[in-house]
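Close look at the chain arrangement
Chain by chain, the residues:
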Amino acid sequence: MTTQKTMTAEQLQAFGEELDAIRNRVIADLGSRDVDYIRGVIRLQRNLEIAGRGLLWLGFLPPAWIAGVAALSVAKILDNMEIGHNIMHGQYDFARDPALSSKSFDWDNACPGEQWKHSHNVMHHTYTNVLGVDRDVGYGILRMDPAQAWHPKYLGNPLYAFLLAVLFQYGVAVHDAEVDQIVEGKKSWRDSVPILRGIWKKTRRQWLKDYVLFPALSGPFALFTFAGNASANLIRNVWAFTIIFCGHFPDGVETFEKSTLDNETRGGWYRRQLLGSANIEGGKLLHLMSGNLSHQIEHHLFPDLPAHRYGEIAAEVREICERYGLPYNTGSLGEQFGSVVKRILTLALPPRSAMLPAQA
């Protein structure tokens, strides 16, 4: 937790009104351009998945296997980041197209869409970086802020982060079940049975698709397809972890006490979203592959606007922040990820004061 800039009530109101004006302007302009964009991405994703799965049937040829894994990995990343994440945020509900509806869409991921919409859309985006409320701060296993009391278990921070990265879709899936609360005796397994049952149903379907059906269709080359699907899932998991952690936990991102929520105004909510987020600088390919979460600041400010619009308003948002003396946290992927790794390693250790010998 860091010191947050104090703003007067009048400044907060003006700040909120300027950001509301951006949001209202974009909403008024939504239309066929946005629908055509996301449908184009969906077509690209489906073609890549078909190509990837087809190439894996020739996986006994190393070049075909590598190309198949690459195509399928990109397809899974697009499905989760630019398509699933954004559609389930309701960004395309205005189109009134059942295929783009947040109410019915589900993704190629172990986490059921309905559960994700609660843990992410409701708990995370409403209470962004509020300690003790937003479970995305540490995902229930990591110490990601000095305000979190240190415990010897956090010596495993680097290992926990590694496991969360390679198994990220499962970490996201069990997020709403609050397994850490169950382990600590604060919640019973019985309380989470409906959630766990939904996770198992979805996970079983994913496993049957990637590790039984498609390998079986490969006949004698089933092992190549099995390994290719596992590799694509691993790549997707690590990429999603990297992008999400770079948007939430690099240097300069702030956390908040629960008291921040008391009488929080619209402008105050915008300020908390801004201070609790960070952007990643890059080109069009990075923005596409990150689901435009490279514009995490704009996403937290306007989670229900089509994400491909964030790049168009980013300069305006930054200029408003500068006028109000608020930081606009941005940096390259390497810079942001490096600071995330540093934080994970540093917070694995007890506070320095706890290691100093007591004074006589």
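Residues numbered from 1 in each chain as written. Predicted model: local features only at pLDDT ≥ 70, side-chain atom pairs only at ≥ 80, totals over all residues. Heavy atoms only, no water.

What to know about the overall build of the protein chain
In terms of helices and strands, the protein chain carries 15 helices and two strands. Computed over the C-alpha atoms, the radius of gyration of the protein chain is 21 Å, within 12% of the 21 Å expected from 2.2 N^0.38 for a compact globule of 360 residues. Reported as C-alpha extents along the three principal axes, the dimensions of the protein chain are approximately 70 × 60 × 40 Å. Across the 360 residues in the protein chain, those meeting the buried criterion constitute 51%. Restricting to contacts in the protein chain with at least 6 residues of sequence separation, those with at least 24 account for 72%. Total accessible area on the protein chain is roughly 16,800 Å²; 63% of this is exposed by carbon and sulfur atoms. Taken as two groups, the 36 positive and 37 negative side-chain charges of the protein chain have centres that lie 6 Å from each other. (Helix = DSSP H or I, 4+ residues; strand = E, 2+ residues; numbered from the N terminus. Rg over C-alpha atoms; globule rule 2.2 N^0.38 Å. Buried < 20%, exposed > 50% of the residue type's maximum accessible area, 1.4 Å probe, protein only. Contact = heavy atoms within 4.5 Å. Areas by Shrake-Rupley, 256 points an atom, 1.4 Å probe, with all protein chains shown as cover. Lys, Arg positive; Asp, Glu negative; His and termini not counted. Charge placed at Lys NZ, Arg CZ, Asp CG, Glu CD.)

A look at empty space enclosed by the protein
Under the counting rule described, the total for this entry stands at one cavity of 30 Å³ or more. Within this model, the largest cavity holds a volume of roughly 270 Å³. Around the largest cavity, the lining comprises 25 residues; the ones closest to its centre are Trp107, Trp116, Phe168, Val172 and Ile244. Residue classes in the lining of the largest cavity are distributed as nine nonpolar, 14 polar and two charged. (1 Å grid on protein atoms, 1.4 Å probe; cavity = no way out; pocket = protein on both sides within 12 Å on 5 of 7 lines; lining within 4 Å. Points joined across faces, edges and corners; volume = space filled by probe spheres on them. Nonpolar A, V, L, I, M, F, W, Y, C, P; charged D, E, K, R; others polar.)

A short note on the pattern of salt bridges
Counting across every chain of the model gives 22 salt bridges. Put simply, arginine 33 and glutamate 312 hold a salt bridge, and the shortest N to O gap is 3.0 Å. Separated by 279 residues along the polypeptide, arginine 33 in helix H2 (residues 32-56) and glutamate 312 in helix H13 (residues 310-323) bring together distant segments of the chain. Given a relative accessible area of 46%, glutamate 312 falls into the partly exposed group. Salt bridges sharing partners connect three or more residues here, namely Glu49, Arg53, Lys76, Asp108, Lys209 and Asp210. (Salt bridge = Lys/Arg side-chain N within 4 Å of Asp/Glu carboxyl O.)

Concerning the side chain of serine 339
Inspection of the secondary structure assignment puts serine 339 in helix H14 (residues 333-346). Among the polar contacts listed, one links the side chain of serine 339 to the backbone oxygen of glutamine 336, at a separation of 2.8 Å. Apart from the residues within four sequence positions on either side, serine 339 is in contact with Pro250 and Asp251. (Polar contact = N/O pair within 3.5 Å; in protein donor to acceptor, adjacent residues only side chain to side chain.)

As for the side chain of histidine 300
Take histidine 300: it is sitting in helix H12 (residues 296-301). Looking at histidine 300, its side chain comes within polar contact range of the side chain of histidine 248, at 3.2 Å. Only 3.5 Å separates the side chain of histidine 300 from the side chain of glutamine 273, close enough to count as a polar contact. If near-sequence neighbours (up to four positions away) are discounted, histidine 300 is found in contact with His124, His125, Thr128, His248, Trp269, Gln273, Gly276 and Ser277.

A few points about H2
In this model, H2 (25 residues) spans 36 Å end to end at C-alpha, consistent with the 36 Å of a helix rising 1.5 Å per residue. The set of residues buried in H2 consists of Asp34, Val35, Ile38, Val41, Ile42, Gln45, Gly52, Arg53 and Leu56. Looking at the packing, one finds that the buried side of H2 touches helix H1 (9-29), helix H3 (62-87), helix H8 (189-217), helix H9 (222-248) and helix H11 (284-289). (Expected span 1.5 Å × (residues − 1).)

Structural notes on the packing of aromatic side chains
In this structure the tally under the stated criterion is 15 aromatic pairs. An angle of 80° between the planes, with centres 5.8 Å apart, marks the rings of tryptophan 200 and tryptophan 207 as edge-to-face. Under the relative-accessibility criterion, tryptophan 207 is labelled partly exposed at 36%. Aromatic pair tyrosine 211 and phenylalanine 226: ring centres 5.0 Å apart, planes at 45°, arrangement tilted. Remark: phenylalanine 226 occurs in helix H9 and tyrosine 211 occurs in helix H8; sequence separation between them is 15 residues. (Phe/Tyr/Trp six-rings, centres within 6.5 Å; stacked < 30°, edge-to-face > 60°.)

Brief notes about H14
Look at H14: 20 Å from first C-alpha to last across 14 residues, which is about the 20 Å you get at 1.5 Å a residue. Every buried residue of H14 is listed here: Gln336, Ser339, Val340, Arg343 and Ile344. Burial along H14 is one-sided: seen end-on, the buried residues are contained in an arc of 140°. Facing away from the buried side of H14 by over 90 degrees, the exposed positions are Gly334, Glu335 and Lys342. Residues of H14 that are buried sit in contact with helix H5 (157-166), H9, strand S1 (279-281) and strand S2 (330-332). (Arc of directions from axis to C-beta.)

Regarding the environment of leucine 100
With respect to the element layout, leucine 100 can be found in the loop between H3 and helix H4 (113-126). Given a relative accessible area of 2%, leucine 100 falls into the buried group. Not counting residues up to four positions away in its chain, the partners in contact with leucine 100 are Val35, Ile38, Arg39, Ile42, Ile87, Tyr92, Asp93 and Ala95.

A few points about the environment of tyrosine 170
Relative to the helices and strands, tyrosine 170 resides in helix H6 (residues 168-173). Judged by relative accessible area, tyrosine 170 falls into the partly exposed class, the value being 24%. Expressed as a C-alpha distance, the spacing of tyrosine 170 and asparagine 109, which sit 61 residues apart in the sequence, is 8.4 Å. Polar contacts involving the side chain of tyrosine 170 include one to the side chain of tryptophan 207, which spans 2.9 Å.

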